[in-house]
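Here is how the chains run, residue by residue.
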Amino acid sequence: MKKVVAARQMANRRTIFNLSAPLCNPANPQYQILGTIDVGMGRQLAEVLRQLGRTRFLIVIGEPGIDEISISGPTHVFEGVGDITKEYKITPSDFGITEQDYSTIPGGDRDENAEIFLSLLQDQTPEPILDLVCLNAGAAFYCFERTDSIKAGFDLSKSLFARGLVQDKFLEYKRLSNKRD
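Everything in this summary refers to the structure shown in the same document. (Residues numbered from 1 in each chain as written. Predicted model: local features only at pLDDT ≥ 70, side-chain atom pairs only at ≥ 80, totals over all residues. Heavy atoms only, no water.)

## A short note on the side chain of R56
Piece 1. Along the chain, the position of R56 falls in strand 2 (residues 56–62).
Piece 2. Judged by relative accessible area, which is 11%, R56 ranks as buried.
Piece 3. Here the side chain of R56 touches E79 through a polar contact of 3.1 Å, side chain to side chain. (Helix = DSSP H or I, 4+ residues; strand = E, 2+ residues; numbered from the N terminus. Buried < 20%, exposed > 50% of the residue type's maximum accessible area, 1.4 Å probe, protein only. Polar contact = N/O pair within 3.5 Å; in protein donor to acceptor, adjacent residues only side chain to side chain.)

Structure follows, in structure tokens:
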């Protein structure tokens, strides 16, 4: 896929590679979360992941047309376990989250996003950012069978941030990544 990066950047829009790249993972993951911006495409991706034999997967389509779980409106979910695929919606209110207009959620270029990330680790970020991150992390905990629901995963994520454990793990990762042999 790295050979098509330049072409993708030149296209300056979503291409077939946005869909095919996660499906071509050479690790052949048994658990997977994918986001897409179209319910019809989500349905097709669910069928492909089922045929690829994923143990469990989630495909999410958030409002307003984002490829992650949204705090700005409902999120359409396809959940696959073995040969069974369920389709349902979740809303921010299911998690006690007040809906936020997507355009008001901070974000920007690489440097601005790095600042937001570091403030998140230090529990100094606006609540909508924390909610968005914890909701999507909570879906991962659920998909990977670490919790019995997305809500329980969301609550676990919030707890890990509040106790500083996410920051500790990031600092450990950073230290080990910079270690020279």
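## A short note on a negative patch on the surface
Piece 1. A cluster of acidic side chains, namely D109, D111, E112 and E115, defines a negative patch on the protein surface.
Piece 2. One can find E115 in helix 4 (residues 110–121).
Piece 3. A relative accessible area of 60% places E115 in the exposed class. (Patch = residues over 30% accessible without salt bridge, like charges linked within 9 Å, V, L, I, M, F, W, Y side chains within 5 Å. Areas by Shrake-Rupley, 256 points an atom, 1.4 Å probe, with all protein chains shown as cover. Salt bridge = Lys/Arg side-chain N within 4 Å of Asp/Glu carboxyl O. Lys, Arg positive; Asp, Glu negative; His and termini not counted. Charge placed at Lys NZ, Arg CZ, Asp CG, Glu CD.)

## A few points about the pairing of strand 4 (residues 84–90)
Piece 1. Relative to strand 4, strand 3 (residues 75–81) runs antiparallel, the two sharing seven bridges. In the strand pairing of strand 4, V81 is matched with I84.
Piece 2. Hairpin remark: strand 3 followed by strand 4, antiparallel, with two residues in the connecting loop; positive phi at G82, about 60 degrees. (Pairing = 2+ DSSP bridges.)

## Quick word on the nonpolar core
Piece 1. Within the largest apolar cluster, 23 residues are counted, with the highest numbers of intra-cluster contacts made by F95, L135 and I150.
Piece 2. Residue assignment for this core shows that the elements contributing at least two residues are strand 2, helix 4, helix 5 (127–143) and helix 6 (150–162).
Piece 3. For I150, the residues in contact, after removing those within four places along its chain, are Y88, I90, F95, L135, G138, A139 and Y142. (Core = buried A, V, L, I, M, F, W, Y, C linked by side-chain atoms within 4.5 Å. Contact = heavy atoms within 4.5 Å.)

## Regarding the sheet that holds strand 2
Piece 1. Spatial strand order, 1-2-3-4: four strands in an open sheet with mixed pairing. Two strands in the sheet have a free side with no partner beyond their single neighbour: strand 1 (31–35) and strand 4. Geometrically, the sheet is characterised by an average inter-axis angle of 15 degrees between neighbouring strands, direction not taken into account.
Piece 2. Two elements, strand 1 and strand 2, share five bridges in a ladder whose sense is parallel. (Axes fitted to C-alpha atoms, helices over the stretch in contact; angles between N-to-C directions.)

## Thoughts on the packing of helix 5 against helix 6
Piece 1. Direction vectors running N to C along helix 5 and helix 6 enclose 125 degrees, while the axes themselves pass 7 Å from each other. Between helix 5 and helix 6, the angle is such that the two are oblique. In the packing of helix 5 onto helix 6, the handedness of the crossing is right-handed. Residues E127, L130, D131, V133, C134, L135, A137, G138, A139, F141 and Y142 of helix 5 touch helix 6, and the partners they reach there are I150, G153, F154, L156, S157, K158, L160 and F161. (Parallel < 35°, antiparallel > 145°, perpendicular 65-115°, else oblique. Left-handed = near helix turned anticlockwise from the far one by under 90°.)

## Some points on the pattern of salt bridges
Piece 1. Scanning the entire structure with this criterion turns up nine salt bridges.
Piece 2. When the shortest N-O distance is used, the salt bridge between E87 and R43 registers 2.8 Å. Note that E87 is positioned in strand 4 and R43 in helix 3 (residues 39–51), a separation of 44 residues in sequence.
Piece 3. What emerges from the salt-bridge pattern is a single network uniting E47, R50 and D83.

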